[in-house]
Amino acid sequence: MSTSEPVVFWEDRDAIGLLTLHRPKALNALNAEVMAGVAELLRTRTSRPDLRAVVITGSGGKAFAAGADIAAMQEFTPAQAEAFARLGQDLAMAVQACPVPVIAAVDGFALGGGCELAMCCDILIAGEKAKFGQPEVNLGVIPGFGGTQRLVRRVGMAAAMDLCLTGRIIGAQEAVAIGLASRAVEGSALDAALETAATIAAKGPVAVRLARRALYENADADLLTGLAAERSLFALCFATADQKEGMAAFLERRDPVYTGR
Ligand code: DAK
């Protein structure tokens, strides 16, 4: 691979943006350039009004991402590790701030930082060859990109401890069973992720945005606070043309034509 070849790239496919991690010879290991590149693409390529979903995938067929780049991290000083940690937090923020849903298509390895990146996404689809794990303890470090925090919130203490303390690698079915992956599919996760993105693209864009907001903004809230926020966002739907169109289309037995307003 020439050094000038981009390590991440973006393709617009109608209403969907496809973001590819592209360091196939290193199993798409995440170095600073990849992390910053993903965040940058999520910030700069997602503002077109007809975009409805983003899919993140890895190139080469063997990996989504086999983790943070071990060669790059080996000689980190604590200050460099801190700078890298900031890049990671910035990237997670860019996923959450993305105006449309972000879907991880995991074919092959999603280990360490790769697993953590996949679990930052709104929906995580595991292909039949997907393999997940937090093997940092094999290297004498701990997960540093949300692995101890997002993982425990997502799968609970028992499964998170098991993964983080043993470094054990699990397949697609187990990832679904513990709640790490949203769904396991036969064959390619990328195909299923693109189909899922197309499904989302056909829904009311404002409703998709508000549902995502209701889930994100209240994930750590107590129930009453969360229900109050949900009530307000539900009410807000009734100020939109999409709600009027969606309900009229249902009653008139036709497909809705949403305008995203
Ligand atoms: N980093 C760098 N290179 C990697 C890599 C990685 N994580 N994983 C694989 N590669 C490279 C290999 O060195 C090899 O390169 P060459 O020798 O060909 O030059 C090439 O990819 C192919 O790998 P293998 O030859 O090893 O392929 P195999 O099929 O035999 O094995 C494997 C595949 C995935 C089981 C194996 O490569 C492996 O165990 N890789 C390491 C997996 C791992 O330990 N991952 C966790 C890394 S620690 C943070 C952000 C993220 C993180 C922390 C903080 N902040 C923002 C603060 C995350 C930390 C980690 O992810």
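Preceding block: the structure.
Note that the coordinates shown come from a computational prediction; the quantities given were computed from them, not determined experimentally. (Residues numbered from 1 in each chain as written. Predicted model: local features only at pLDDT ≥ 70, side-chain atom pairs only at ≥ 80, totals over all residues. Heavy atoms only, no water.)

Brief notes about the overall build of the protein chain
Now for step 1: Secondary structure summary: the protein chain contains eleven helices and ten strands in total.
Now for step 2: By the compact-globule yardstick of 18 Å for 261 residues, the protein chain fits well, its C-alpha radius of gyration being 19 Å.
Now for step 3: Residues classed as buried in the protein chain amount to 45% of the 261 residues present.
Now for step 4: The long-range fraction of contacts in the protein chain, counting pairs at least 24 apart against all pairs at least 6 apart in sequence, stands at 67%.
Now for step 5: In the structure as shown, the protein chain presents an accessible area of about 13500 Å², 59% of it carried by carbon and sulfur atoms. (Helix = DSSP H or I, 4+ residues; strand = E, 2+ residues; numbered from the N terminus. Rg over C-alpha atoms; globule rule 2.2 N^0.38 Å. Buried < 20%, exposed > 50% of the residue type's maximum accessible area, 1.4 Å probe, protein only. Contact = heavy atoms within 4.5 Å. Areas by Shrake-Rupley, 256 points an atom, 1.4 Å probe, with all protein chains shown as cover.)

Observations concerning the sheet that holds strand β7 (residues 123-126)
Now for step 1: Taken together, six strands build an open sheet; the order of strands is β1-β2-β3-β5-β7-β10 and the sheet is mixed. Each edge of the sheet is formed by a strand with only one pairing partner; in this case those strands are β1 (8-13) and β10 (183-184).
Now for step 2: Across four bridges, strand β5 (residues 102-106) lies against β7 in parallel orientation. In the sheet register, I103 faces β7, and the bridge partner there is I123. (Pairing = 2+ DSSP bridges.)

Looking at the nonpolar core
Now for step 1: In terms of nonpolar packing, the biggest core is built from 51 residues, with L21 and F132 touching the most fellow members.
Now for step 2: In terms of residue count, helix α1 (residues 32-44) provides more of this core than any other element does, six residues in total.
Now for step 3: Counting residues in each nonpolar core, the second largest holds 15 residues, with I103, I125, A192 and I200 among its members. (Core = buried A, V, L, I, M, F, W, Y, C linked by side-chain atoms within 4.5 Å.)

Considerations on the sheet that holds strand β8 (residues 131-133)
Now for step 1: Taking strand neighbours across the sheet as the criterion, the four strands line up as β4-β6-β8-β9 in an open arrangement whose pairing is mixed. Of all strands in the sheet, those bounded by a partner on one side alone are β4 (63-65) and β9 (170-171).
Now for step 2: Where β8 lies against β9, two bridges are found, and the strand directions are antiparallel. Of the residues in β9, the one forming a bridge with F132 is I170.
Now for step 3: Contacts from helix α4 (residues 113-120) reach β4, β6 (109-111) and β8, with the element oriented near 95° to β6. (Axes fitted to C-alpha atoms, helices over the stretch in contact; angles between N-to-C directions.)

Overview of the layout of surface pockets
Now for step 1: If you add up the space inside the largest pocket, you get close to 970 Å³.
Now for step 2: Looking at the largest pocket, it is lined by 32 residues, and the ones nearest its centre are D122, R154, L215, Y216 and A219.
Now for step 3: For the lining of the largest pocket, the secondary structure elements donating two or more residues are α3 (78-97), α4, α5 (150-155), α9 (205-217) and α10 (223-237).
Now for step 4: Among the elements that take part in the lining of the largest pocket, α9 stands out by supplying seven residues, more than any other.
Now for step 5: Lining the second largest pocket are 26 residues, and of these A68, M73, E136, V141 and I142 sit closest to its centre.
Now for step 6: Among the secondary structure elements, those contributing two or more residues to the lining of the second largest pocket are α2 (70-73), α3 and α4.
Now for step 7: It is α3 that provides the largest number of residues to the lining of the second largest pocket, a total of four residues.
Now for step 8: Among the residues forming the lining of the second largest pocket, the class breakdown is 16 nonpolar, eight polar and two charged. (1 Å grid on protein atoms, 1.4 Å probe; cavity = no way out; pocket = protein on both sides within 12 Å on 5 of 7 lines; lining within 4 Å. Points joined across faces, edges and corners; volume = space filled by probe spheres on them. Nonpolar A, V, L, I, M, F, W, Y, C, P; charged D, E, K, R; others polar.)

Some points on the site of the ligand
Now for step 1: Close to the ligand lie 25 residues, the nearest being K62, A66, A68, I70 and G113.
Now for step 2: A66 is positioned with one of its backbone polar atoms (N or O) 2.9 Å from a nitrogen atom of the ligand.
Now for step 3: Within the backbone of G144, a nitrogen or oxygen atom sits 3.5 Å from a nitrogen atom of the ligand.
Now for step 4: For the ligand, whose accessible area on its own is 1100 Å², the fraction buried by protein is 63%. (Near = heavy atom within 4 Å. Polar contact = N/O pair within 3.5 Å; in protein donor to acceptor, adjacent residues only side chain to side chain.)

Focus on the packing of α9 against α10
Now for step 1: At a minimum axis separation of 10 Å, α9 and α10 run at an interaxial angle of 175°. Here α9 is positioned roughly antiparallel relative to α10, judged by the angle of their axes. Together, L210, R213 and A214 of α9 and L233, L236 and C237 of α10 make up the contact between the two elements.
Now for step 2: A per-class count over the contact of α9 with α10 returns five nonpolar, no polar and one charged. (Parallel < 35°, antiparallel > 145°, perpendicular 65-115°, else oblique.)

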